[in-house]
Each structure stands twice: as structure tokens, then as C-alpha cells.
Amino acid sequence: FFSKFSPRPLANTMMDEEQDPYIWLEEVESPESIEFATSANAKCLAELGDPSETETYKRVLTALQSDDRIPYVRMLGYDEDTGDMLLYNFWRDANSPKGIWRKTTMQQYQSADTEWTTVLDLDKLAKEEDISWVWKGYTALPRSMDSQSGGPMGRVTRVLLNLSRGGADATYLREFDLLTESFVDAENGDGFSLPEAKTRASYKSRDVLLVGADTGEDSMTSSGYPRTVREWKRGTKIEDAPIVFEGEKTDVSCGQYLIDESDREGGDVYEIQSRSISFYDRYTYVKKQSSSDDFVKLAVADNTSVSFYGKWMMIRVKADWDANDNGSDKTFKSGSFLYVDAESFIEFSKAKEDGDEDAIKNCKLDYHVLFEPTATTSYSGYSATKSYLIVYILDDVKEQLKFYKLGEGGGPFVQVGGDEEGQIRSVSASPVDAKTSDLIFETTSSYISPSKLVLADANKISGDDYVVSELKSLPEMFDSSDLEVSQHFAVSKDGTKIPYFMISKKGMKLDGSTPTLLYGYGGFEVSLGPRYVTSVGISWLERGGVYVEANIRGGGEYGPDWHQQALRENRNLCYEDFIAVGEHLVDSKVCSPQTLACRGGSNGGLLTGNMLVQAPELFNAIHIAVPLLDMKRYSKLLAGASWMAEYGNPDTNDWENFLHKYSPYHNIDVSREKYPNVLVTTSTRDDRVHPAHARKMVKKLWDEGKGKDWPVYYYENMEGGHGGAADSKQEAFMTSLAYDFMWRALTDSLPTQE
């Protein structure tokens, strides 16, 4: 399987911290760093032109701000006068680039011309407070915990808004009253408000928060997330709130929250404490609010995910779970999704915690399996309505839904319908109100089929009247009449079949001449799959290009094992898989190395950074977005310490043993006379992946590439956070910059770089 495009021998240019001449670029907003970014931006635009003057920019911006987009909503209770459902939506358009939070009713939402009422105008707020606010969502006060809501058929009265300065992950927390549609005054001690930090907060009751915040005194972990949880009462200072749970400094984070299942038969209010000891492993402690018992550590593997539905505890197993450990006579395969009586499992966990062998033997647990993986299928999540679970399954990366109804008396679930086989599409079925209704918002789309939203009734899943009403449909945002979607498989270096989706013109001539863009991610168990690709369609497909998404290892397309195969010392498998897909495209004469580009962001930026240093002959253009690139220092930069379970610890033998092999910053080959065309982009306000990764890589490439054919372009958006853009105009700008760059590179129309 070794070919001319296989990974190159690594260049011996490793350096330690003291030898890094570019470490000064890690000072995010130092005058020197900002000068580097602004001068690089000016150089980039002088060479490539201003994206905002291009047709691509205009088309993409029009699509991003189109009034024809689907306004997705969240139900926050019922109108006290009419009893109609209250639906809330956050919306950006040309008139409101930062956005408005608005509301309507279900009756209005079902009409063609929905009438909206503005609840909060973010543009107006930003102007009044002179802060470039970016919406980051909210946490609602559950109706069941609110004495003023009016109960299950009442309405949500308050929320905790998260507002970001310039798009960063760190947010300001501010309580908002939905009855008065105004912020709750924090100055007089009535409202909850916290300054900028990576805060995590939820309501325990109307007047009490469970909050992890930066209060100093080692309140945050080395990854920059909360280490402690405080129970904060309204009208008091956060510093005076008692600490009710805490983790270690070396943990990723720690948190506490409530899950209220008391409305379902046999259910309770479950109080959860969680210590994330790594990105994937956590200690989970549970107590039932109706019980006087203390918290009990759940007797599950550290990488197991748990949730609750009524009296059941839902369990996703990410490693084989032996009968000796789970209190039954069965072993459950990694990737399985099952459930068990919550009270019985808590008792079993307490017996295990106490070392009470007699009690352990008396706990005969009866597990029910909702999904067990096969060689081609994997579990990818579930939604819940009042009486149904809707389970998402991937079959060779094609999605299907299965519907399960809660049995009589809160008994075991029974499958009542769903898809017979997977389809190349994206589908989501979210509950309208999981507490009172079995209605769902179902959205479907594919790479070339626009999104369609319907209101459906889970009770009628097997009938012709499943769809209650067709709510909204996105019109075609690009011409797809001559396009087709196909799935193919490449063979990686170790013989593993790697699936990929390709969108191309029907009857495409296979002569290697078609500009082709290969996209990938390959990390953190994130699955790529079909969804309507508006920007890709406008910027690439309409021009006659081919777009490809590679489902490489490190992702979650085939369950936990697909991800775990490419962790740490086996990270090379991600890159070998991606190269195999690129080679397959070349061998199939879809494209040639001269007409092949690749693109990736974040962990995908690490992927494409490695394509630059490991397989430069395979690509003619590479876009490296908001990337990790310096794997020697990544764990010291912002949230980097939280990712050591994925990549390894560079302060141990991991660096010499394997990490240095896929650190692009340390593997630039100074003996090379030519590298492919490269565009690196990041954001000054990215407080997840440090902009220094991009800055240092570019500066080093520029310095070591003097006198060589190393065309490297760099643009750093001054806002945007890890998403790279803070509003639609910035998003259209960055999209146009990237796609126009890649297209021009593959069609030999880039200017010669000085």
C-alpha cells in the first residue's frame, strides 16, 4: 500500500521550548502579535484581492442572510391566555447582523407568513454597551422548578443568557426575564450575572444556581474550565456561595446539574455530579432528590455515557462491559445502547462502592438492549418525547431512525416503527415539548436537497398521518439539477476500508481534470455526514468542481472503536486514511494532484497541516483553518490540556515516542524546493485553539521558505472565536477567501507570490 503519495519521512527540525524563535506570537494581543496579524492580512488581501468584492462573497452572504432560511425554534412553554405553544428563535439577517431573539406561537409558526415579536435586539444591545456581542445561547429555568411558571402547561419565565465578546468561548452570564423581556437587575442583587469566563451554570430552583465560574483561588482547571461547583443563592455574592462539589486541578472540568424525570411514572429528580478526568473519561455521581442518601458513584466504566428517562437509566457503552462488572449474566459490546432500572443500578453502585459482596450478589440487574452494533452500524444518539425514544443509527454512514414507545406503567420500551434501511441524508427529530407532548420537529436534508422541516406526531409513526403539517422548506440555494451524490470506499495503508461521499456532475468526464476539494476531520468521535452544503454549492459545485467528504478514523462513523483506533500513538491512521481517499480520487481519474485541494478546521486543521508536511505531492492547494499545529506546546495553550486523551502528553515520553511525528510545526522540510499553495486562517478571539498555532507555522514557513517555491497566505480574523466568524458578513468573507483561493490554485489562476 506504499505509494508515491504515502507519508514522507519526517524532517528533523524538532525544537524545544527554549529554541522556539516564534514563541512571542503566543501573546495573543501583544502589539507585536497584532502587528504580525494585521500586516499579514494586508499582504494576503493585496495578493489575493478583497473577498468582499467577489461574486462568491455576494452569493454566499445573500444565502446566509436570506429570509427564506428556516427559522428553527425552541418551545418555552404555553401562552397563559390562549394556551398556544410559545416558540423562540434567534435570527440574523442583513438588518440584524448580530441578531435578534424573537418569539411566535405554534399557530403562527404553521402559517406561511409567520409574525414575530422581538424579545432582545443584540445589535441594539451591542451599540448601547459598546461591546461586539455574539449570541451563545441560553439555559432555561425548567417549569417544574419554577414556582411562578404555572406548572407543566405554564411558561418558562427566566433564562441565563450567554453572551460572548467577539465570538470567544468564554461568555458573560446574564439572567433575563421572559415576562418583562428585560435583563434582571444584577446591581441590586436580584439578578444573576457573571463576568467573562468559561462558566457553566444551571438552575437548581428559581432562586438557586449550580454554577462553575472563575472565582479565583484555583477555581478553574488547567484546561480553563470550572474545577468547583457552587450553590449560589439569589441576592448573595458568588464568592460567598458554598462549594458543593469539586474536582482536581488536572481534571478537564467538573459540573453539577439536575435531570427532572418526576413527571414520568416511576421517575424522580436526579441530581448529577460529574468530574471529567479527561476529554472522554468521567466519574459520575448520582442521588435521587426524593432520597436522603448521599451521592453514589455510578459503577460504570469511566468512558460510559449515562442519562435518565423516567425510572430508567440510559447507558451508552464505549468499551465491552463484562458480566462480572455490570451485575448481570451478560456482556455488552462496545457501542451498545441499553437501559436499566435507575434505582436498582444506584443500589448496585452503592454496594460496589461499599465493597458489600452480599449486596452485590442480591442486585440482579435486568438490562434491555436498544441497539447493538454490527460491522457496519453504529449508534449516534437519541431524542425523547413524552412517551417515545427516537434512536439514531448509522449504517455505513447512512442515517436511519428507530422509534421506541415507553411501555405501560413506565415499563420497557417497545419498537413501534422507523426506517428499514439507512439513507444518504441528514435527519433530526427533536421534541416540541418532551414533558407534555409526543409532537416532534423533524428536519431532513442531503448534500444537494435543501432542508425541510415538518411537524410530526410520534404516536402515528406507522400511519399515513405521521406528518401533522409541513412547516418550512429552504428553497434551493444553488443549482443542483445536474449533480449527484455517491458513496465510495478507499483502502487505507493497513487494509481498512474508508468510506467517502462525493458530490459531482452527472456523467463527469474521468480524465483527472476536475477541480476537487477533499474535506475531513477525523477526531473526537465526530461523524461527518450528509447535510445541505449551501456555501460549498455556491462556492465550488456550481463552478463545476467535485466535493468529497472523507469518513476517516478518529471520527464516530462506526462507533467508539472507529475513534479509538486512531488515538495517541495511532494517530497516523487518520492521515493514512485521508491520503488513501485522495489517492483513490486520483487513481479513479476524478482528479490529479494538480487539481486536488484539501480543507479542514480545528482538529481538521491539524489533519490538513499534516497533509502539507506528509503528502505535499498529493495536493495543489491546502486550506488550514483554526488549526492545532504545534503539538509540543498545544497542552499549554488555552484549552489544549483537555485534549491529551486524544493526542498524548508532550511533557512525557509521548513526545519522543509518537507526538513529534504528527506535529506539522516541527516537520517542515527545509530541503524542499516546493510546497503546494497554502492558506492558513484563524481568529484572534479563538480562545479554544490558540491563534499562535497558525501564526507560528506561517512565520516559520515564510522564514524558512525564502527563495523557495513555498506559496503561503495567512489571514487572521480579529473576531469570530473558534468558529472563525462573528457574523454573516465575516462568515461570507472567510468562505469566499478560502474557496476562491483553492479554485484559483487548481485552475492555475493564482498570482505569483512575491
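The notes below deal with the structure included here.

The rules we used
- Residues numbered from 1 in each chain as written.
- Predicted model: local features only at pLDDT ≥ 70, side-chain atom pairs only at ≥ 80, totals over all residues.
- Heavy atoms only, no water.
- Helix = DSSP H or I, 4+ residues; strand = E, 2+ residues; numbered from the N terminus.
- Rg over C-alpha atoms; globule rule 2.2 N^0.38 Å.
- Buried < 20%, exposed > 50% of the residue type's maximum accessible area, 1.4 Å probe, protein only.
- Contact = heavy atoms within 4.5 Å.
- Areas by Shrake-Rupley, 256 points an atom, 1.4 Å probe, with all protein chains shown as cover.
- Pairing = 2+ DSSP bridges.
- Axes fitted to C-alpha atoms, helices over the stretch in contact; angles between N-to-C directions.
- Salt bridge = Lys/Arg side-chain N within 4 Å of Asp/Glu carboxyl O.
- Parallel < 35°, antiparallel > 145°, perpendicular 65-115°, else oblique.
- Nonpolar A, V, L, I, M, F, W, Y, C, P; charged D, E, K, R; others polar.
- Phe/Tyr/Trp six-rings, centres within 6.5 Å; stacked < 30°, edge-to-face > 60°.
- Expected span 1.5 Å × (residues − 1).

1. Some points on the overall build of the protein
Scanning the protein for helices and strands turns up 15 helices and 37 strands. Expected size for 754 residues packed as a compact globule is a radius of gyration near 27 Å; at 26 Å, the protein falls within 12% of this value. If one aligns the C-alpha atoms of the protein with their principal axes, the spans along those axes are about 75 × 60 × 60 Å. Buried residues in the protein amount to 61% of all 754 residues. Considering only residue pairs separated by 6 or more positions, the protein has 61% of its internal contacts joining residues 24 or more positions apart. For the protein, the accessible area works out to roughly 29,800 Å², and carbon and sulfur atoms hold 46% of it.

2. Quick look at the sheet that holds strand β10 (residues 200-205)
The four strands are arranged β10-β11-β12-β13 in an open sheet whose pairing can be described as antiparallel. Here the strands that pair on one side only, and so sit at the sheet edges, are β10 and β13 (243-246). For this sheet the average axis-to-axis angle between neighbouring strands, irrespective of direction, equals 20°. By the bridge criterion, three bridges tie strand β12 (residues 228-233) to β13 in an arrangement that is antiparallel. Bridge pairing links Val 229 to Phe 245 in β13.

3. Here's the deal with the side chain of Ser 728
Mapped onto the fold, Ser 728 is located in helix α15 (residues 728-746). Aside from chain neighbours lying at most four places away, what touches Ser 728 is Leu 61, Leu 64, Gln 65 and Arg 92.

4. Let's talk about the pattern of salt bridges
If you walk through the whole model with that rule in mind, you get 44 salt bridges. For Lys 204, the salt bridge identified is with Glu 231, shortest N-O distance 2.9 Å. Of the two residues, Lys 204 is situated in strand β10 and Glu 231 in strand β12; the sequence distance between them amounts to 27 residues. Accessibility expressed as a relative area gives 22% for Lys 204, which makes it partly exposed. Arg 553 is paired through a salt bridge with Asp 494; the nearest N and O atoms lie 2.8 Å apart. Here Arg 553 is found in the loop between β33 (546-550) and α9 (560-564), whereas its partner Asp 494 is found in the loop between β30 (483-491) and β31 (497-505), with 59 residues between them in sequence. Taking the relative accessible area as the measure of exposure, Arg 553 reaches 0% and is therefore buried. Counted as one network, the salt bridges with shared partners bring together Asp 20, Glu 26, Asp 630, Arg 633 and Lys 696.

5. Some remarks on the packing of helix α10 (residues 572-587) against helix α11 (residues 603-614)
Following both chains from N to C, one finds α10 and α11 inclined at 70°, their axes separated by 10 Å at the closest point. In terms of orientation, α10 and α11 fall into the roughly perpendicular class. Across the interface between the two elements, Cys 574, Tyr 575, Phe 578 and Ile 579 from α10 touch Leu 606, Leu 607, Asn 610, Met 611 and Gln 614 from α11. Classifying every residue of the contact of α10 with α11 gives seven nonpolar, two polar and no charged.

6. Notes on the packing of aromatic side chains
Tallied over the full model, the rule gives 42 aromatic pairs. Their ring planes at 85° and their centres at 5.0 Å tell us that Trp 312 and Tyr 339 sit as a pair that is edge-to-face. In this pair, Trp 312 is assigned in strand β19 (residues 312-316) and Tyr 339 in strand β20 (residues 337-341), connecting sequence segments 27 residues apart. Residue Trp 312 is classed as buried on the basis of its relative accessible area of 6%. With a centroid separation of 5.1 Å and 15° between ring planes, the pair formed by Phe 478 and Tyr 532 is classed as stacked. Taken together, the residues Phe 478 in the loop between β29 (467-473) and β30 and Tyr 532 in the loop between β32 (516-519) and α8 (534-539) connect sequence positions 54 residues apart.

7. Here we look at unusual backbone geometry
The general pattern is negative phi for most residues beyond glycine and trans for most peptide bonds. If you check the backbone angles, Val 397 has positive phi at about 70° while not being a glycine. Locating Val 397 in the fold gives a position in the loop between β23 (388-395) and β24 (398-406). Assessed through its relative accessible area of 3%, Val 397 is described here as buried. We note that Ser 602 has phi near 65°; this positive angle belongs to a residue other than glycine. With respect to the helices, strands and loops of the structure, Ser 602 is situated in the loop between β34 (596-601) and α11.

8. Quick look at helix α14 (residues 692-704)
The terminal C-alpha atoms of α14, which comprises 13 residues, lie 18 Å apart, in line with the 18 Å expected from a rise of 1.5 Å per residue. Buried within α14 are the following residues: Ala 692, His 693, Ala 694, Arg 695, Lys 696, Met 697, Val 698, Lys 700 and Leu 701. Buried positions along α14 lie against α1 (31-48), α11, β36 (677-683) and β37 (712-717).

9. A few points about the sheet that holds strand β14 (residues 253-260)
In space, the four strands of this open sheet follow the order β14-β15-β16-β17, with antiparallel pairing throughout. At either end of the open sheet lies a strand with only one pairing partner, and these are β14 and β17 (296-297). Here strand β16 (residues 282-288) runs beside β17; their pairing, made up of two bridges, is antiparallel. In the strand pairing of β17, Tyr 285 is matched with Lys 297.

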